[in-house]
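Letter by letter, the chains look like this.
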Amino acid sequence: MEANNLIGYLPKKTAIHQLSGFTKLICFLMISIVGMISYDTRFLLGLAVFSVVIFQLAQISYREISFVVKFIAFFSLLNLLTVYLFAPEYGVTIYGTRHVLFEGIGRYTITQEQLFYEFNLLVKYFVTIPPGLIFILTTNPSELASSIHRVGGSYKIAYAFSLALRYIPDIQEDFRTISKAQQARGNELSKKASLMKRVRGNLTIAIPLIFSSLERIETISSAMELRRFGKKKGRTWLLAKPLKRQDYLALAVVVLLCSVGIFLLVINGGRFYNPFH
């Protein structure tokens, strides 16, 4: 996959790739949910390390996801800045104390509590983003659908998951095509242009990308309807991977981690770990 591509399935022979698509989906959802709910910094740091480790096990190189990483990093930092601009003392409200590090202008002071809260938000990105990338980059869409159906899930829902993953490369290709068309008309979107000009230029791609996506959805829906999709209770699958020992082991590890997070919610008496008391 080229470095300027967005994201898509990368077939490799790793322990993560060998797991069932259903296993990876459940693990991704469980880690993401517990990571978003908990604000216990100790637990989040441990979960972040775990996410980074399994990311390394999947043998995903930075070159394959460089564009996505830069895109996510930009909006993550933008989100942290926005949180501070709209609620500069939200951390003080949460933790109940106020330790000022720097007196700013008006309400824009820098406190230990606010920095600690935003640090937790930053760690959450390391918890949730690697499993999401792993799930998309290591899961064959057809295999995921067959795995969900095999364990008792509706084949309509399974097929919806499959279409969602298959649609990502299509959106990627449409984005690149529209981007090249814009540049051919003189709208510079390369590194030669300033950051703000590139941002505005990429925003102009959004409208034609939305319309092309809606047109593609309409085409797929019509094709599925003509083939009487959903008229029968079952269907056959090109790829099917039953749950094996490594799948049960992976599920057990993730369930254990999530159980620790739930236990800490009870011990802390809530979602937040407060080091200031």
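In what follows, the accompanying structure is described. (Residues numbered from 1 in each chain as written. Predicted model: local features only at pLDDT ≥ 70, side-chain atom pairs only at ≥ 80, totals over all residues. Heavy atoms only, no water.)

Considering the overall build of the protein chain
Summing up its helical and strand segments, the protein chain has ten helices and two strands in all. Going residue by residue from the N terminus, the α and β elements of the protein chain occur as α-α-α-α-α-β-β-α-α-α-α-α. The buried share among the 277 residues of the protein chain stands at 37%. Within the protein chain, residue pairs in contact and separated by at least 24 positions form 75% of the contacts whose partners lie at least 6 positions apart. Looking at the protein chain as shown, the accessible area adds up to about 16400 Å², and 67% of this sits on carbon and sulfur atoms. (Helix = DSSP H or I, 4+ residues; strand = E, 2+ residues; numbered from the N terminus. Buried < 20%, exposed > 50% of the residue type's maximum accessible area, 1.4 Å probe, protein only. Contact = heavy atoms within 4.5 Å. Areas by Shrake-Rupley, 256 points an atom, 1.4 Å probe, with all protein chains shown as cover.)

Some thoughts on the packing of aromatic side chains
Within this structure, the stated rule accounts for eight aromatic pairs. Here the aromatic rings of Phe28 and Phe135 are separated by 5.7 Å at their centres, their planes lie at 5°, and the arrangement is stacked. Linking Phe28 in helix H2 (residues 21-37) with Phe135 in helix H6 (residues 112-138), this pair joins segments that are 107 residues apart in sequence. Look at Phe28 and you get partly exposed, because its relative accessible area is 22%. A relative accessible area of 7% places Phe135 in the buried class. (Phe/Tyr/Trp six-rings, centres within 6.5 Å; stacked < 30°, edge-to-face > 60°.)

Quick word on the pattern of salt bridges
Under the defined criterion, the tally for this structure stands at two salt bridges. Here Asp40 ties to Arg42 by a salt bridge, and the two come within 2.8 Å at their closest N and O atoms. Salt-bridge contacts for Arg98 lead to Glu89; the nearest nitrogen and oxygen are separated by 2.6 Å. Taking relative accessible area as the criterion, Glu89 reaches 24% and is therefore assigned partly exposed. (Salt bridge = Lys/Arg side-chain N within 4 Å of Asp/Glu carboxyl O.)

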